[in-house]
Amino acid sequence: MLKTALTYSVEGYSEESLRELYRLLLAPRMIEEKMLKLLRQGRISKWFSGIGQEAISVGAAAALLQDELIFTMHRNLGVFTTRQVPLGKLFAQWQGKRSGYTMGRDRSFHFGSMPHGIVGMISHLGPQLSLAAGVALAHKLAGEGRVSLAFTGEGGTSQGEFHEALNVAAVWKLPVIFVIENNGYGLSTPTTEQYVCPDLVDKGIGYGIRAEQIDGNNILEVHRRIREIAAGIRENPQPVLLECLTFRMRGHEEASGTKYVPDDLMAHWAALDPLTNYQSFLQAEGILSDYDIELMRDQIRREIEEGLQEAFSEPDCEATIGEELADVYAPWTGTEVSPGPENREMRFVDAVSDGLREGMSKHPELVLMGQDIADYGGVFKVTDGFVEAFGKERVRNTPLCESAIVGIALGLSLKGYKAMVEMQFADFVSCGFNQIVNNLAKLHYRWGQTADVCIRMPTGAGVGAGPFHSQSNEAWFTHTPGLKVVYPSNPHDAKGLLLASLADPNPVLFFEHKALYRRVSGAVPDGYYTVPFGKARVVRDGTQATILTYGMGVHWAVEYVEEAEADAEIVDLRTLQPLDYDAIDETVKKCHRVLILHEDTLFGGIGGELSAYISEHLFEHLDAPVIRVASLNTPVPFAGNLEENFLAKSRLKEGLEKLLAY
Ligand SMILES: Cc1ncc(C[n+]2csc(CCOP(=O)(O)OP(=O)(O)O)c2C)c(N)n1
């Protein structure tokens, strides 16, 4: 790694601005020194130090415009101080107090503050990069002439998200600055065990983007370059990769120490300290006096003490179940819109498409993204003709990168857009899983932002497509607080529920059974209407038993019950999160016997949850144990006979007979 002594060029800087940059650099150092003392006294828990790296955070934050979003990591205190985040609230955050940014729900730097243009990390590091690309897309779509900036460590550059985010940003020419803080070590892993190209900046070539390496300890170099890059890409949108060379002077977090760092390496970088070097330079130039320094230190010290006073005097959080549950989702009652009188007969797939079209007209801020969804119309043709109707900016083909696209969708949402992501097959959502379950799902609970993203999931088996194009994976998501899970069984509901999903500001997983796409038709109202979440539908009245089901299960149940002339009530749940507990109560109290039917495999399927609810709350209304009929606990097999044997449908008759005979 190339490193020369610090030299400063002051060209273009007034003395006042040079002093101001010094003050900005001093603030995070002094806060950290105080935190390290408190840590030793056991008054705060964990601490991730940015000592030695402050010039990058401070330089970046000072270089951008106030309304440009910065995506921070765990060593970017200097962004928070430069953007003047109130210290009392910041300290309260670190102490898990209610007035902190996450109200005690998340720790350290895992939060953001939109008024300060800061979006903090989730622990998983890389996802930040895609969010910043999403914000850059929002800027580009709105023609705002603004940039976004995301930090990553050199360790984070080994993650798939780094590749995905840089690649999409390059393909879409997004005005985003990706800053690598190359500080020599991941947790304890040296750069030689992290990557083998000579410099990380070399990676820019592979993405076809501009890439530069600078001295991350030199505040003026960082500030000047980011200011120039930002000015350039505001005018001429494109991503830039900026590798800032620096060093992590303390342990990964305080408890872990730095034993694995050779002494001479530590000494080398200590001599290049960004604060002391800059201070000496300014003093030597006669720009900063001892008196100036004392004045600044006094002022910062006072602010720190006041902030600490505020945070320490606040009592610990009081926990109430109601308050915690209330913040998992953004409040949304969603006014229900009834359908008009005109109907058209439509196939399931056309109803989804019609719903999406209505959604595009209703929400001009809605952007669609997915593989092959533009001119090609998507593999199931749901977006056929959409480019002609809405243009390529709003109907976007994506590179093959589910995680980055979900992250970009979230970035769009941070800027007030709505996003719909089409998974080509629901199975491929596994590649975007982290963004969904950790970012989208937890965002509102953690710091009150909404993730206005709908993910369409062509799902299910029965089409001879084998283990990777047939899965029912709704239970992956019903288990994650913060997500809504919608699963229509017919064209009418598909359109109305999709429109409700697009209107809802919360993240929604919208399952569409692909075997129903062209097999099922029905009357679909013209125009805009919504089917509300959490309202099950009685598909068929009965008295002897209830079949609780959804999606394809509804069709299996109707077919069998009609054929067997059984006296069974069929209830279509329509949404799995939220569930319609009232409808479940009502039908159980009426029929006293329950069979839960789903295409998903038995173990850990939503059927287990429904069964537990019924046993716990409706036990005295039952005349028989709750029976679950689900698919075999195997991957979905390919050959016709094997698939038939796998699917729950083949065991429905036996299950219902057993239930009725009990
Ligand atoms: C997906 C994931 N894997 C592992 C970790 C644990 N972890 C946290 S920080 C870190 C090292 C990160 O190194 P780098 O990106 O270089 O940033 P630095 O800590 O050096 O600033 C590791 C392994 C994590 N947070 N997320």
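Right above here is the structure, for reference.
Residues numbered from 1 in each chain as written. Predicted model: local features only at pLDDT ≥ 70, side-chain atom pairs only at ≥ 80, totals over all residues. Heavy atoms only, no water.

Undergrad: Would you explain the overall build of the protein in this entry?
TA: Helix and strand content of the protein: 23 helices and 20 strands. Against the globule reference of 26 Å for 662 residues, the protein gives a C-alpha radius of gyration of 28 Å, in line with a compact fold. Taking the principal axes of its C-alpha atoms as reference, the protein extends roughly 95 × 55 × 45 Å. Look at the contacts in the protein between residues 6 or more apart in sequence, and 79% of them connect residues 24 or more apart. For the protein, the distance from the average site of its 61 positive side-chain charges to the average site of its 87 negative ones is 1 Å. (Helix = DSSP H or I, 4+ residues; strand = E, 2+ residues; numbered from the N terminus. Rg over C-alpha atoms; globule rule 2.2 N^0.38 Å. Contact = heavy atoms within 4.5 Å. Lys, Arg positive; Asp, Glu negative; His and termini not counted. Charge placed at Lys NZ, Arg CZ, Asp CG, Glu CD.)

Undergrad: Can you walk me through the site of the ligand in this structure?
TA: As a structural note, the neighbourhood of the ligand is formed by 15 residues, with His-74, Arg-75, Ser-123, Gly-155 and Tyr-185 the closest of them. Contacts to the ligand include His-74, whose side-chain N or O atom sits 2.8 Å from an oxygen atom. Asn-183 places a side-chain nitrogen or oxygen 3.0 Å from an oxygen atom of the ligand. (Near = heavy atom within 4 Å. Polar contact = N/O pair within 3.5 Å; in protein donor to acceptor, adjacent residues only side chain to side chain.)

Undergrad: Just checking my understanding: could you explain the packing of helix H1 (residues 15-40) against helix H10 (residues 274-284) for this structure?
TA: Where H1 meets H10, the closest approach of the two axes is 10 Å, and the angle between their N-to-C directions is 150°. Judged on the interaxial angle alone, H10 and H1 are roughly antiparallel. Crossing geometry of H1 relative to H10 is assigned as left-handed. Across from Leu-18, Leu-21, Tyr-22, Leu-25, Leu-26 and Arg-29 in H1, the residues of H10 making contact are Pro-274, Leu-275, Tyr-278, Gln-279 and Leu-282. Split into classes, the residues belonging to the contact of H1 with H10 amount to nine nonpolar, one polar and one charged. (Axes fitted to C-alpha atoms, helices over the stretch in contact; angles between N-to-C directions. Parallel < 35°, antiparallel > 145°, perpendicular 65-115°, else oblique. Left-handed = near helix turned anticlockwise from the far one by under 90°. Nonpolar A, V, L, I, M, F, W, Y, C, P; charged D, E, K, R; others polar.)

Undergrad: Would you mind showing me how to read the sheet that holds strand S20 (residues 627-631) here?
TA: Think of a sheet as strands paired side by side through backbone hydrogen bonds, with each pair either parallel or antiparallel. With respect to topology, five strands assemble into an open sheet ordered S15-S17-S16-S19-S20, the strand pairing being mixed. The two strands at the open ends of the sheet, each matched to only one other strand, are strand S15 (537-540) and S20. Looking at each pair of strands side by side, their axes are set apart by 25° on average, direction ignored. Relative to S20, strand S19 (residues 594-601) runs parallel, the two sharing four bridges. (Pairing = 2+ DSSP bridges.)

Undergrad: What's the story with the packing of aromatic side chains in this structure? I'm lost.
TA: Any pair of aromatic rings gets described here by the distance separating the centres and the angle formed by the planes. Throughout the structure, instances matching the rule amount to 24 aromatic pairs. Ring centres of Phe-380 and Tyr-517 lie 5.0 Å apart, and the angle between their planes is 55°; on these two criteria the pair is classed as tilted. Of the two residues, Phe-380 is situated in the loop between strand S8 (366-370) and helix H14 (386-390) and Tyr-517 in the loop between strand S13 (508-513) and strand S14 (521-525); the sequence distance between them amounts to 137 residues. Residue Phe-380 is classed as buried on the basis of its relative accessible area of 16%. When the ring of Phe-433 is compared with that of Phe-477, the centres are 5.7 Å apart and the planes differ by 55°; the resulting orientation is tilted. One end of the pair, Phe-433, is in helix H16 (residues 433-447); the other, Phe-477, is in helix H17 (residues 474-478), with 44 residues separating them in the sequence. Overall, the relative accessible area of 29% leaves Phe-433 in the partly exposed class. By relative accessible area, Phe-477 is classed as buried at 0%. Chaining the aromatic ring pairs together yields one cluster made of Trp-47, Phe-80, Phe-91, Trp-94, Tyr-101, Phe-109 and Phe-111. (Phe/Tyr/Trp six-rings, centres within 6.5 Å; stacked < 30°, edge-to-face > 60°. Buried < 20%, exposed > 50% of the residue type's maximum accessible area, 1.4 Å probe, protein only.)

Undergrad: Looking at this structure, how should I read the nonpolar core?
TA: Among soluble globular proteins, nonpolar side chains are generally buried collectively. Counting residues in each nonpolar core, the largest one holds 157 residues, and the members touching the most others are Ile-226, Tyr-278, Met-369, Ile-455, Phe-477 and Ile-614. Top contributing element to this core by residue count: H1, with 13 residues. Those residues in contact with Tyr-278 that sit more than four places away from it in its chain are Tyr-8, Leu-18, Leu-21, Tyr-22, Leu-25, Ile-219 and Leu-220. If you look at the next biggest cluster of nonpolar residues, it comprises 59 residues, including Met-360, Ala-374, Val-524 and Val-629. (Core = buried A, V, L, I, M, F, W, Y, C linked by side-chain atoms within 4.5 Å.)

Undergrad: What should I look at first to understand the packing of H1 against helix H2 (residues 54-63) in this one?
TA: For any two helices packed against each other, one specifies the crossing angle of their axes together with the interaxial distance. Viewed as axis vectors pointing N to C, H1 and H2 meet at an angle of 130°, and their least axial separation amounts to 10 Å. Between H1 and H2, the crossing angle belongs to the class labelled oblique. The way H1 lies across H2 gives a crossing that is right-handed. Here Leu-21, Leu-24, Leu-25, Pro-28 and Arg-29 of H1 lie close against H2, whose contacting residues are Glu-54, Ala-55, Val-58 and Ala-62.

Undergrad: How should I be thinking about helix H20 (residues 581-591) in this particular structure?
TA: Owing to its 3.6 residues per turn, the α-helix brings residues three or four apart onto one side. Here H20 has its buried residues at Ala-583, Ile-584, Asp-585, Thr-587, Val-588 and Cys-591. Where the residues of H20 are buried, they touch strand S16 (545-549), strand S17 (568-572), S19 and helix H21 (606-618). Two residues or fewer past H20, His-592 is found with a positive phi of approximately 70°.

Undergrad: I would appreciate a short explanation of the environment of Lys-89 in the present structure.
TA: Mapped onto the fold, Lys-89 is located in helix H4 (residues 87-94). Sequence-wise, Lys-89 and Gly-496 are 407 residues apart; in three dimensions their C-alpha atoms are separated by 43 Å. In contact with Lys-89, other than residues within four places in its own chain, are Ser-99, Gly-100, Tyr-101 and Glu-310.

Undergrad: Help me understand the sheet that holds strand S18 (residues 575-577), please; the structure alone is not making it clear to me.
TA: Read across the sheet, seven strands follow the order S9-S8-S10-S11-S13-S12-S18 without closing on themselves; strand pairing throughout is mixed. With partners counted over all chains shown, the strands left at the sheet margins are strand S9 (395-397) and S18, one partner each. Averaged over neighbouring strand pairs, the angle between their axes works out to 20° when direction is ignored. Note that S8 and S9 share three bridges and pair parallel. Bridging from a neighbouring strand, Met-369 pairs with Arg-396 of S9. Contacting S8, S9, strand S10 (418-422), strand S11 (453-459) and S13, helix H13 (residues 348-362) runs over the sheet at an angle of about 140° to S8. Together, S8, S10, S11, strand S12 (484-486), S13 and S18 form the strand contacts of helix H18 (residues 491-503), whose direction differs from that of S13 by roughly 160°.

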